[in-house]
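Listed below are the residues making up each chain.
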4 protein chains.
Amino acid sequence: MQVAVCGPQHCTEEDATHAYQVGQLLARAGAVVLCGGGTGVMAAAAAGARAEHGLVIGILPNDTAEDACPDLSAVIVTNLGQARNAVIVWSADAVIAIGGSWGTLSEIALAKRRGGIPVITLGGWRILAHNGSPLPDPPTPAADPQHAVTLALTTARNSSTR
Amino acid sequence: MQVAVCGPQHCTEEDATHAYQVGQLLARAGAVVLCGGGTGVMAAAAAGARAEHGLVIGILPNDTAEDACPDLSAVIVTNLGQARNAVIVWSADAVIAIGGSWGTLSEIALAKRRGGIPVITLGGWRILAHNGSPLPDPPTPAADPQHAVTLALTTARNSSTR
Amino acid sequence: MQVAVCGPQHCTEEDATHAYQVGQLLARAGAVVLCGGGTGVMAAAAAGARAEHGLVIGILPNDTAEDACPDLSAVIVTNLGQARNAVIVWSADAVIAIGGSWGTLSEIALAKRRGGIPVITLGGWRILAHNGSPLPDPPTPAADPQHAVTLALTTARNSSTR
Amino acid sequence: MQVAVCGPQHCTEEDATHAYQVGQLLARAGAVVLCGGGTGVMAAAAAGARAEHGLVIGILPNDTAEDACPDLSAVIVTNLGQARNAVIVWSADAVIAIGGSWGTLSEIALAKRRGGIPVITLGGWRILAHNGSPLPDPPTPAADPQHAVTLALTTARNSSTR
């Protein structure tokens, strides 16, 4: 099971706390944690997973690992810029998005575009249809980190064919 | 000047009409039209641009051009899947998004993540901050195709350094 | 018909002359010319095609078109680094490689890995099997620019299904 | 330290034995093994590394991990086709290429195009300049798996800045 944790590089303190806890809980459950390998939510998720001796892989946008956050077990230097967001999403059996930013929104949208995997949100932005009504099949909001991880692992186990 | 026209492959009739008109207006203004080379909004924008003898380039997701829409001057076979959305956005001096879908939302989000270029919407989904308030620096809604093209060309000319 | 012209950014004068002539001949034949949009062979092929009023598309490695060579009808800003070499190759109905460099060799190898399209060389490096014997199905060497273009257009017309 | 092991999906028995031994030796030295996650050399390197409880990451070309070889600690589903070869190469502190194929040659060429990391070959194809003379700064041939790993680890430690 591989779970991507996505979120802003410039995040709130609450987002960082949530990301750390999500990383911890995923590692304790034996899931591989994927993240973008940067600051903010990405670094916090990596730190949480590493604290529980989990496997954490940073999927980086640039052509070097120089700016990678610490606490990564391995780095993938995609040199794809923000197109690496698609690599994160396609490598994941479930996506947990924490907080709101344009990059995070692109990952949520790509994950829904892919389909077939749970996309869980913890805080962050809302997306509405043109007339202000809810979308069909929106991301699933979670109440707290434990809820997010439970949703991700339970529904990924059901939806993933790997 | 290169303008990307983005939108759903399964779009409403109104979206298709808008896309055709946007393609026409961009071609008349001498802009190169970029699109995803698929059906729906993409095909309509290409048809409109071609009707005015414009240059239209389809930036395709798959490893072949077999499913490309007609009316393209040239095709780029990226074989990147939906990561090609980033290529569309980074190649554009302005982005016009018509209608709502997860793929379209990913292009809007990637274009805002890139920054520095106008992102114009004609219909489609709305994005709100967590508390329901508007985002800072959201995409710019246009009233109709002429308005969308005017906004794109005017602000692209000011913001682009190419 | 879309033909990629590949070659070193730092090329010999003979390579540049060959690339200019190949660009001219392709444009006269009505083929779209694809190139990497940089200096050397890429710039020369674009200049030759533009001199004959051809359509030339530069498929660039970086996140901006600032360093693009002149004479391009349109630019694709892939932001993929050298992974853009695969985009050039997958978009082409035939590949003509002029001169030798590691980047050029990667394009030849990717084109042969793809298979199904002619890969023509004009000068450049040689590849031998481990025991020094020739490879099965190597690239096709051309004697001069006219020969390269004739080989590309004739065999692409036969091999391409687009 | 991250070392990429590249080679044909359809390889000789000797290549597979070499790849298994290289995987073992890298894992024993504590290096992360990167590979393309397919059959042949890729699967053999993963099996060797896993036998020594190493960390092995498969960087896959398709949009699913269905065809991934066993023995991978984690999979990156790039959905980039053969452009994923660039991701493998840019993620590596050293590259060991075992055996010859067009895909393998593209990885050697991309690694030399990148520069700054050792590129070690064990068997495989030879590349000559146009006049049949050797290239400047060619890949470094190794005599056997132990030699390949020693060359990779020693020179990567010197050349890598990570």
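Residue numbering note: each chain is counted from 1, following its sequence as written. For naming, the first written chain is A and the first written ligand is 1, with later ones following in the order written. With the structure being a predicted model, the display of local features is reserved for residues of pLDDT at least 70 and the display and counting of side-chain atom pairs for 80 or more, all residues being used for whole-chain, interface and lining totals. Side-chain measures were taken over the full set of non-hydrogen atoms in the model, leaving aside hydrogen atoms and water.

1. Things to note about the packing of helix α4 (residues 102–114) of chain A against helix α4 (residues 102–114) of chain B
Turning to step 1, where the next piece is worked out: Helix axes are fitted only over the stretch in contact, all axes being lines through C-alpha atoms; the angle between N-to-C directions runs from 0 to 180 degrees. Secondary structure elements follow DSSP: runs of H or I no shorter than four residues count as helices, runs of E no shorter than two count as strands, and numbering proceeds from the N terminus. Put simply, α4 of chain A and α4 of chain B touch, their axes get as near as 8 Å, and they point 160° apart. Our classification of the angle between α4 of chain A and α4 of chain B gives roughly antiparallel. α4 of chain A and α4 of chain B meet at a crossing whose hand is left-handed. Each of Trp102, Gly103, Leu105, Ser106, Ala109, Leu110, Lys112 and Arg113 of chain A in α4 of chain A lies in contact with α4 of chain B, whose residues at this interface are Trp102, Gly103, Leu105, Ser106, Ala109, Leu110, Lys112 and Arg113 of chain B.
Turning to step 2, where the next piece is worked out: Think of it as three bins: nonpolar holds Ala, Val, Leu, Ile, Met, Phe, Trp, Tyr, Cys and Pro, charged holds Asp, Glu, Lys and Arg, and polar takes everything else, Gly as well. Residues that form the contact of α4 of chain A with α4 of chain B fall into these classes: eight nonpolar, four polar and four charged. If an angle is under 35 degrees, it is roughly parallel; if it is over 145, roughly antiparallel; if it lies from 65 to 115, roughly perpendicular; otherwise it is oblique. Left-handed describes a crossing whose near helix is turned anticlockwise from the far helix through less than a right angle; right-handed describes the clockwise counterpart. Residue contacts follow a heavy-atom distance rule, with two residues in contact if any of their heavy atoms lie within 4.5 Å.

2. Section: the relation of the copies chain A and chain B
Turning to step 1, where the next piece is worked out: Once chain A is rotated about the relating axis by 180° and shifted along it by 0.0 Å, it coincides with chain B to within an RMSD of 0.0 Å. Considering both components of the superposition, the chain copies are consistent with a two-fold axis.
Turning to step 2, where the next piece is worked out: Comparing interface residues between copies, 100% of those in chain A also sit at the interface in chain B, which points to an isologous, same-surface contact. Residues below a pLDDT of 70 in either copy are left out; the C-alpha atoms of the rest, at least 70 in both, set the least-squares superposition of the copies.

3. Structural notes on the interface of chain A and chain B
Frequently, the measure chosen for interface size is the accessible area removed from exposure when the parts meet.
Turning to step 1, where the next piece is worked out: Between chain A and chain B, the contact holds 27 residues from the first and 27 residues from the second.
Turning to step 2, where the next piece is worked out: Between chain A and chain B, the buried area comes to about 2,400 Å², and carbon and sulfur atoms account for 71% of it.
Turning to step 3, where the next piece is worked out: Each polar contact in these results corresponds to two N or O atoms within 3.5 Å; when the atoms are within protein, one needs to be able to donate a hydrogen and the other to accept it, and residues that are neighboring in sequence are counted only if both atoms are side-chain atoms. There are two residue pairs in polar contact (both at pLDDT 80 or more) connecting chain A and chain B.
Turning to step 4, where the next piece is worked out: Residue assignment for the side of chain A that touches chain B shows that the elements contributing at least two residues are α3 (84–90), α4 and β7 (126–128) of chain A. Here's the idea: put two parts together, see how much 1.4 Å probe accessible area each one loses, and the total over both is what we call buried area.

4. Observations regarding the sheet that holds strand β6 (residues 119–122) of chain A
Whether parallel or antiparallel, the strands of a sheet pair through hydrogen bonds between backbone atoms.
All names here are of chain A.
Turning to step 1, where the next piece is worked out: One open sheet holds the seven strands; their spatial order is β4-β3-β2-β1-β5-β6-β8, and the pairing between them is parallel. Looking at the sheet topology across the chains shown, the edges are occupied by β4 (74–77) and β8 (140–141).
Turning to step 2, where the next piece is worked out: When DSSP finds at least two bridges between two strands, those strands are taken to pair. Where strand β3 (residues 56–60) and β4 come together, four bridges link them in parallel fashion. Within β4, the residue paired with Gly58 across the bridge is Val75.
Turning to step 3, where the next piece is worked out: Here helix α1 (residues 13–28) sits on the sheet and contacts β1 (2–6), β2 (32–35), β5 (94–98) and β6; the angle it forms with β5, its principal contact strand, is near 155°.

5. A look at unusual backbone geometry
Residues and elements named next belong to chain D.
Turning to step 1, where the next piece is worked out: A positive phi angle, near 75°, is found at Asp71, a position not held by glycine.
Turning to step 2, where the next piece is worked out: Looking at where Asp71 falls in the secondary structure, it is placed in the loop between β3 (56–60) and β4 (74–77).
Turning to step 3, where the next piece is worked out: Buried residues are those whose accessible area, probed at 1.4 Å on protein chains only, stays under 20% of the maximum for their type, while exposed residues exceed 50% and partly exposed ones sit between those limits. The exposure class assigned to Asp71 is partly exposed, which follows from its relative accessible area of 29%.
Turning to step 4, where the next piece is worked out: Of note, the phi angle at Asn79 is positive, near 55°, even though the residue is not glycine.
Turning to step 5, where the next piece is worked out: Structurally, the position occupied by Asn79 is in the loop between β4 and α3 (84–90).
Turning to step 6, where the next piece is worked out: A relative accessible area of 15% places Asn79 in the buried class.

6. A few points about the packing of aromatic side chains
Residue and element names in this part refer to chain C.
Turning to step 1, where the next piece is worked out: Each pair of aromatic rings taken from Phe, Tyr and Trp, with Trp reduced to its six-membered ring, is defined by centres within 6.5 Å and is described as stacked if the planes are under 30 degrees apart, edge-to-face if over 60, and tilted in the remaining cases. Scanning all chains against the criterion turns up four aromatic pairs over all chains.
Turning to step 2, where the next piece is worked out: Where Trp102 meets Trp125, the ring centres are 4.9 Å apart and the plane angle is 80°; that geometry is what we call edge-to-face. Within this pair, whereas Trp102 is found in helix α4 (residues 102–114), its partner Trp125 is found in the loop between β6 (119–122) and β7 (126–128), the two being separated by 23 residues in sequence.
Turning to step 3, where the next piece is worked out: Judged by relative accessible area, Trp102 falls into the buried class, the value being 12%.

7. Structural notes on the pairing of strand β1 (residues 2–6) of chain B
Put simply, side chains in a regular strand alternate between the two faces of the sheet.
Residue and element names in this part refer to chain B.
Turning to step 1, where the next piece is worked out: Most of β1 is tucked away: five of the five residues are buried.
Turning to step 2, where the next piece is worked out: Summarising the sheet, β1 and strand β2 (residues 32–35) pair through three bridges and their orientation is parallel. What sits directly across from Val3, in β2, is Val33.
Turning to step 3, where the next piece is worked out: As a crossover connection, the stretch from β1 through helix α1 (residues 13–28) into β2 is right-handed. Orient the strands so they point away from the viewer; a crossover is then right-handed if the path from the first strand over the helix to the second runs clockwise.

8. Comments concerning the pattern of salt bridges
Residue and element names in this part refer to chain A.
Turning to step 1, where the next piece is worked out: Salt bridges are defined as contacts in which a side-chain nitrogen from Lys or Arg sits within 4 Å of a carboxyl oxygen from Asp or Glu. One pass over the full model with this rule turns up eight salt bridges over all chains.
Turning to step 2, where the next piece is worked out: Residues Glu52 and Arg28 are paired through a salt bridge, measuring 3.3 Å at the closest nitrogen-oxygen approach. With Glu52 in the loop between α2 (41–51) and β3 and Arg28 in helix α1, the pair connects residues that are 24 residues apart, well separated along the chain.
Turning to step 3, where the next piece is worked out: With relative accessibility at 26%, the residue Glu52 sits in the partly exposed group.

9. So, the pairing of strand β1 (residues 2–6) of chain C
Residue and element names in this part refer to chain C.
Turning to step 1, where the next piece is worked out: The alternating pattern of β1 places Gln2, Ala4 and Cys6 on one face and Val3 and Val5 on the opposite face, and all of these are buried.
Turning to step 2, where the next piece is worked out: Looking at chain direction, β1 and strand β5 (residues 94–98) are connected through four bridges and run parallel. Across the sheet, residue Val5 finds its bridge partner in β5, namely Ile96.

10. So, the state of the cysteines
Simply put, disulfide is the name for a covalent bond between the sulfur atoms of two cysteines.
Turning to step 1, where the next piece is worked out: We call a pair of cysteine sulfur atoms a disulfide when they lie within 2.5 Å. Tallying each qualifying case throughout the model produces zero disulfides over all chains.
Turning to step 2, where the next piece is worked out: Cys69 of chain A takes part in no disulfide bond, and the closest cysteine sulfur, belonging to Cys35 of chain A, lies 4.9 Å away.

11. What about the packing of α1 of chain A against α2 of chain A?
Residues and elements named next belong to chain A.
Turning to step 1, where the next piece is worked out: At their nearest, the axes of α1 and α2 sit 7 Å apart, and the two run at 35° to each other. Our pair here, α1 against α2, has a crossing hand that is right-handed. Of the residues in α2, those touching α1 at Asp15, Ala16, Ala19, Tyr20, Gly23, Gln24 and Ala27 are Val41, Ala44, Ala45, Ala47, Gly48, Ala49 and Ala51.
Turning to step 2, where the next piece is worked out: Considering only residue class, the contact of α1 with α2 consists of ten nonpolar, three polar and one charged.

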